[in-house]
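What follows is each chain in one-letter form.
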Amino acid sequence: MTENRKNKQVIRRHSAHAMIIHWFNTVCWGVLLVTGLGLVDNPVLQPLGMWWVRFVHSAFGGGAQLLRVHIVCGAIWSIGLLLYGIIFLKSATLVFIKEILTVSLKRDLRWLIKKPLTMTVGPKIMRRLGMTPEIPDQGFYNVGQKLFAIPALFGGMIIAVTGWIMTFSKQDLTGVDTVQWSILIHFITVGLVFAGLLIHIYMAAIAKGELPALISMFTGKVPADYAKHHHRFWFEEVTSQEPESDPSLR
Amino acid sequence: MKSKLTMIIDSSKCFHCKACLVACQLENQVPVGFRRNWVKVSPLDSTDGMHFQPGNCMHCDKPTCVEACPTGATYKDSRDGVVKVREDLCIGCGSCIPSCPYGARYRHPEKKIVDKCDYCASRRETGKLPACVEICPTQARLFGDLNDVNSPVARLLKSKKTVRVVNNETDTEPMIFYVNQTAPRDWPVKAEAPLPIQLWRQVAVPLVKGVTGLTGLGVLFMLGRQLVAKDEPLGHDTHDEARDIGINDREQKE
């Protein structure tokens, strides 16, 4: 096998259902962020500015309609993800949770220090500071991805539960104080997950060398050399088991 | 021109007939046990008589209830100065209720949303006065547009001494005036939003702004660097080269 052919090999990284749920989540988060932020119609509680509230209110034909869209979309999103999590419990959900919660402290800390430095000050300055710019090898997810996946998963659960509590406020399932705390927790959790989302979008779609990752979210496949460079432990695991086969067919 | 609906109350005229309370209850279908308006009773200092002080939502110029509402359901209408509740936006969280120094709000037991005096909005649409004003036999309640210089309320406010009933710590600038003197004056409570709303304002907004702002700046910085330092190899590229020529430390892999 020539080096050239090897480089053009592709490895299955995402199943079709994983890609669907990813883009389903993307669309829902987009709608929920736009509408949710627009619902905070109060200058002392609104973080972005009242221009956003006015813009979204007029785009959705008023606050009541906006609230309805937010609630319906939130219901579709949370029920959709819950069903996905249950249906693919063994093949995806538990594998995912295990993967994102498995860290190798020393290696991952080194990754967390070096990777942002290569992205900001750059390898030249790192070398000048006496630091090698080589970053430690990683598995299916690197620790940066894990650090976003954890708040996305558990933050998402918090956001969904607090959202349902607010939705059922008028059914008196909980006291009003629980509703008030839910609004606050909902807001903070979304804010923090959104900060992670900014990095996720940049790292996965814009950063140099990451185009294969973005494409893989549509095709499900990554080039072998990309996998080798970015997720070496996963690459070695996949290629050592059945080098010629497509893992998705297993 | 925008109007500013105001009530001027001569509490010395009130003899506690409770007609305003009943009229309001009926007009606004206020459930039993709740109320949109009130009459405070207190003994007079000089004689053994009583003093009666009618009141309702003060439609404050600095409404703390509006500041506490997360959805904008409670708002001060800039067209007429009335503090209103958009029923379809109220999620019934009740944050506004303790934020009112006057206890002018309650959570409707059936609708589960907040209800309060709106100066009988539906009556006013048909050109009528608020029910409590119209029914008062001694005309203790005077209602009108303060911005109209010829209105009775504007003229009365100019010609007579008036007082307002406020909490000393949290003056919400109430828009109900009492002619000459009234009692009691010390009953409004400190306007305090529930703790989650206070934390939202004081902690959550700066926190979320700070974290997302710094993250956004970080991303912009990385993007800028990516555009400027185009030819610089990335860490993992050199990593792989290093590995290929065998100088990478294998201890990294446990």
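Residues numbered from 1 in each chain as written. Chains lettered and ligands numbered in written order. Predicted model: local features only at pLDDT ≥ 70, side-chain atom pairs only at ≥ 80, totals over all residues.

1. What to know about the domain arrangement of chain A
All names here are of chain A.
Argument step 1. What the domain assignment reports for chain A is domain 1 (14-87) and domain 2 (104-250).
Argument step 2. Here the C-alpha centre of domain 2 lies 21 Å away from the C-alpha centre of domain 1.
Argument step 3. The interface is formed by 10 residues belonging to domain 1 together with 10 residues belonging to domain 2.
Argument step 4. For the side of domain 1 that touches domain 2, the secondary-structure elements that each account for two or more residues are α2 (16-39) and α4 (63-87).
Argument step 5. With 5 residues, the top contributor of residues to the side of domain 1 that touches domain 2 is α2.
Argument step 6. Tallied by class, the residues present in the side of domain 1 that touches domain 2 amount to 4 nonpolar, 6 polar and no charged. (Domains from an automatic or database assignment. Contact = placed C-beta atoms within 7 Å. Helix = DSSP H or I, 4+ residues; strand = E, 2+ residues; numbered from the N terminus. Nonpolar A, V, L, I, M, F, W, Y, C, P; charged D, E, K, R; others polar.)

2. A word on the sheet that holds strand β10 (residues 176-179) of chain B
Residues and elements named next belong to chain B.
Argument step 1. Read from one edge to the other, the open sheet built from 4 strands follows the order β8-β1-β10-β9, with strand pairing classed as mixed. Looking at strand neighbours, the two that pair on one side only are β8 (141-145) and β9 (162-163), the edges of this open sheet.
Argument step 2. As paired strands, strand β1 (residues 5-9) and β10 are joined by 3 bridges and run parallel to one another. Bridge pairing links Ile8 to Phe177 in β10.
Argument step 3. Seen against the sheet, helix α5 (residues 152-159) touches β1, β8, β9 and β10 and runs at an angle of roughly 110 degrees to β8. (Pairing = 2+ DSSP bridges. Axes fitted to C-alpha atoms, helices over the stretch in contact; angles between N-to-C directions.)

3. So, the nonpolar core
Argument step 1. By size, the foremost hydrophobic cluster in this structure holds 68 residues, and its most contacted members are Phe187 of chain A together with Cys65 and Cys90 of chain B.
Argument step 2. The element best represented in this core is helix α9 (residues 176-206) of chain A, accounting for 7 residues.
Argument step 3. Here Phe187 of chain A is in contact with Trp200 and Ala204 of chain B, once residues within four sequence places are set aside.
Argument step 4. With 7 residues, the next largest nonpolar core counts Ile11, Ala227, Phe235 and Val238 of chain A among its residues. (Core = buried A, V, L, I, M, F, W, Y, C linked by C-beta atoms within 7 Å. Buried ≥ 20, exposed ≤ 12 C-beta atoms within 10 Å, placed from the backbone.)

4. Let's talk about unusual backbone geometry
Residues and elements named next belong to chain B.
Argument step 1. Here the amide bond leading from Ala183 into Pro184 is cis, since omega sits at 0 degrees, within 30 degrees of zero.
Argument step 2. Tracing the chain through its elements places Pro184 in the loop between β10 and α6 (195-228).
Argument step 3. Residue His59 is not a glycine yet carries a positive backbone phi of 45 degrees.
Argument step 4. Note on placement: His59 falls in the loop between β3 (50-56) and α2 (64-68).
Argument step 5. Residue class for His59 comes out buried when judged on the 27 C-beta atoms lying within 10 Å of it.
Argument step 6. Of note in this structure, Gln139 is not a glycine but carries a positive phi near 50 degrees.

5. Observations concerning the packing of α2 of chain A against helix α3 (residues 50-59) of chain A
Packed helices, taken two at a time, are described by the angle their axes make and the gap between the axes.
All names here are of chain A.
Argument step 1. Close contact between α2 and α3 brings their axes to 8 Å; oriented N to C, the two are set at 115 degrees. Handedness of the α2/α3 crossing: left-handed. Note on element contacts: α3 touches α2 through Trp52, Val53, Val56 and His57, opposite Val34, Thr35, Leu37 and Gly38.
Argument step 2. Its residues assigned to classes, the contact of α2 with α3 comprises 5 nonpolar, 3 polar and no charged. (Left-handed = near helix turned anticlockwise from the far one by under 90°.)

6. With respect to the pairing of β10 of chain B
Argument step 1. Note: β9 of chain B against β10 of chain B, 2 bridges, orientation antiparallel. Paired with Thr162 of chain B across the strands is Val179 of chain B, a residue of β10 of chain B.

7. Examining the interface of chain A and chain B
Argument step 1. At the junction of the two partners, chain A supplies 49 residues and chain B supplies 49 residues.
Argument step 2. Of all the secondary-structure elements, those providing two or more residues to the side of chain A that touches chain B are α4, α6 (105-120), α7 (123-128), α9 and α11 (224-230) of chain A.
Argument step 3. With 17 residues, α9 of chain A is the largest single contributor of residues to the side of chain A that touches chain B.
Argument step 4. Looking at the side of chain A that touches chain B, its residues break down into 28 nonpolar, 11 polar and 10 charged.

8. What about helix α12 (residues 232-241) of chain A?
Residues and elements named next belong to chain A.
Argument step 1. Listed in full, the buried residues belonging to α12 are Trp234, Phe235 and Val238. Buried residues of α12, seen end-on, are gathered within an arc of 100 degrees and therefore sit on one face of the element.
Argument step 2. Of the surrounding secondary structure, the elements contacted by the buried residues of α12 are β1 (10-12) and α11. (Arc of directions from axis to C-beta.)

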